[in-house]
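Chain by chain, the residues:
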Amino acid sequence: MKKILVTVLILFLVFVAYVVVNTFTFSSKQIQPDPVEKIAVPETAVGNFSRSLTYPTVSHEDPADFDPEVFYAFREFLKETYPLSDSLLELTYINEFSMIYKWQGSDPSLKPVILMGHIDVVPVPEEDLDKWSAPPFSGKIMDGKIWGRGAIDDKISVIGNLEAVEMLLGENYSPRRTVYLCFGHDEEIGGYQGAVAIVQHLKDQNVSAEFVLDEGFAITRGMVPGMERDMALIGTAEKGFLTLEMSITLEGGHSSMPARETAVDVMARAVVKLKDNPFPSELSQPVQDFMAYAGPEMSTFVSRMAFANPGIFRSLIINNLQQEPSGNALVRTTTSPTIFRAGIKDNIIPTQARATVNFRTLPGTSIADVRDYVTRTIDDERILIKEGPFNSEAPGSSSVRSFGYETIHVSIKEIFPHVAVAPNLVLGATDSRHYYPLTDDIYRFVPFYLDKDNIKTFHGIDEHIAVEDFKDAVRFYRQLILNASVGNE
Ligand SMILES: [Zn+2]
């Protein structure tokens, strides 16, 4: 008996030692370049950004509401505001309003880099207009901030990149690597006229890119549990998108004599079954990469220990994450019933019931997997299941050891020396998902601070950015172009 106890004790001590050694040898993956000189960003840049927000380049769900005049005006605005980019770069309009600026590099052996953004914004609902601190299309500069729809989603990428390019052109800089700026005009409604056509155009020209940078993540402040430092997250993957439309037709009749089972009952049960049987949780590749990069930077020993030993603390990590909806979405394919329809009158049993369910898939889970899972879970052949119009598979994870990832990592550190950098999985869909025909290395990051307050302004009320943060964004894009394009100043 004593022997067994001693053996157990020894095994336990070995286990503890293993966990502790892993934690202490869990070394930082942060690159620490020398800080660069903080260049002056002219006030005209701030004015230009403010003016860009005065154009209501709104993408509407209903194509009939599209206003081409505004988009033409925005095109003209860019042309006049960035004269060097307009004359020294090759500019191609795609489907009238999307843009490709090509800045030819001197070394054709280097694959080009693509910097993305989108010029369209989501609408501002009429009833929200008076809740804004400044009118949403005023571009007003107030309290050291620039206010307006598009300030962080996503005219900051468009104007930030153009200001950076214009500045470099003014310095007579020319890149060795070709740089493309690609701006879509319908990202908010799927990118089918913009990004898809841009990619087709580039593909026709046999463009194969070194890497792509699009929106997706930012510098998070107080958003990563257990992390006190600001942490810049670079999206190395995004979730896939699938909508399933379910319908059932059964006999209806008068509500005074209901059948044992009606269309409404069956559909309601199906939806409940889907909610009661969520997809299994897992730590997908981008989340594992996040733990490897963020772990050593964590503020508490417990977090560092958990992330240093993901095999042992897997269920603890997952349990912790799934407490919050955003964490839950990181570890599983999510199920969201979004439309539920049946019936027209209180005393008629409807013959038809419909439900629409939106799924966001983890990398590694295919649309076919979801269909299969749904069919098995509902287990009712009377329900017809049809795929919605705009679905996309979750792309695989881009490398964290590529030239692209490291260049973005270094550029962030040069402009924002105090932040930690880590990869992660983007929960929403971005235009960059259309760019995989051009490269495997697609990253998602916009240089602004994201906290618990301004995250609500995304597609919401009072979207704004601090003037200084906008200037840092210009500095970042300038630095990124210099680093990526290996210049010959
Ligand atoms: Zn956006």
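What counts and what doesn't
Residues numbered from 1 in each chain as written. Predicted model: local features only at pLDDT ≥ 70, side-chain atom pairs only at ≥ 80, totals over all residues. Heavy atoms only, no water. Helix = DSSP H or I, 4+ residues; strand = E, 2+ residues; numbered from the N terminus. Rg over C-alpha atoms; globule rule 2.2 N^0.38 Å. Buried < 20%, exposed > 50% of the residue type's maximum accessible area, 1.4 Å probe, protein only. Areas by Shrake-Rupley, 256 points an atom, 1.4 Å probe, with all protein chains shown as cover. Lys, Arg positive; Asp, Glu negative; His and termini not counted. Charge placed at Lys NZ, Arg CZ, Asp CG, Glu CD. 1 Å grid on protein atoms, 1.4 Å probe; cavity = no way out; pocket = protein on both sides within 12 Å on 5 of 7 lines; lining within 4 Å. Points joined across faces, edges and corners; volume = space filled by probe spheres on them. Nonpolar A, V, L, I, M, F, W, Y, C, P; charged D, E, K, R; others polar. Pairing = 2+ DSSP bridges. Axes fitted to C-alpha atoms, helices over the stretch in contact; angles between N-to-C directions. Donors = N, O, S within 2.8 Å, 3.2 Å for Na, K, Ca; no water. Tetrahedral: all angles 85-135°; square planar, octahedral: opposite > 155°, others 65-115°.

**Focus on the overall build of the protein chain**
Part 1 of the argument: A count of helical and extended segments in the protein chain gives 14 helices and 19 strands.
Part 2 of the argument: Relative to the 2.2 N^0.38 estimate, which gives 23 Å for 489 residues, the radius of gyration of the protein chain is 25 Å and therefore close to what a compact globule would have.
Part 3 of the argument: In terms of overall dimensions, the protein chain has C-alpha extents of about 80 × 75 × 45 Å along its principal axes.
Part 4 of the argument: Relative to its 489 residues, the protein chain shows a buried fraction of 53%.
Part 5 of the argument: Summed over all atoms, the accessible surface of the protein chain reaches about 22300 Å², with 55% contributed by carbon and sulfur.
Part 6 of the argument: Each charge class in the protein chain was averaged separately, 44 positive and 65 negative side chains, and the resulting centres sit 8 Å apart.

**A few points about empty space enclosed by the protein**
Part 1 of the argument: In total, this model carries two cavities of 30 Å³ or more according to the counting rule given.
Part 2 of the argument: Within this model, the largest cavity holds a volume of roughly 40 Å³.
Part 3 of the argument: What lines the largest cavity is simply E90, T92, I100, K102, Y180, H201 and Q205.
Part 4 of the argument: Taken together, the elements giving at least two residues each to the lining of the largest cavity come down to β1 (90-94) and β2 (98-103).
Part 5 of the argument: A per-class count over the lining of the largest cavity returns two nonpolar, three polar and two charged.
Part 6 of the argument: Counted as a void, the second largest cavity has a volume near 30 Å³.

**Observations concerning the sheet that holds strand β15 (residues 384-387)**
Part 1 of the argument: Taking strand neighbours across the sheet as the criterion, the four strands line up as β12-β14-β10-β15 in an open arrangement whose pairing is antiparallel. In this open sheet, the two edge strands, each paired with only one partner strand, are β12 (334-342) and β15. Averaged over all neighbouring strand pairs, the angle between strand axes comes to 20°, with direction disregarded.
Part 2 of the argument: Bridge count for strand β10 (residues 240-249) against β15 is four bridges, and the pairing is antiparallel. In the strand pairing of β15, S247 is matched with L384.

**Quick notes on the coordination of the zinc ion**
Part 1 of the argument: Listed as protein donors to the zinc ion are H118 (NE2), D153 (OD), E215 (OE) and E215 (OE); their distances from the metal cover 1.9 to 2.5 Å.
Part 2 of the argument: What the four donor atoms of the zinc ion show is an angle range of 54 to 150° at the metal, which sorts the shape as irregular.
Part 3 of the argument: In the primary structure, the donors to the zinc ion are separated according to the pattern H-x34-D-x61-E. Of this pair, H118 sits in strand β3 (residues 113-118) while D153 sits in the loop between β5 (145-147) and α5 (155-170); the two residues are 35 residues apart in sequence, bridging distant segments of the chain.

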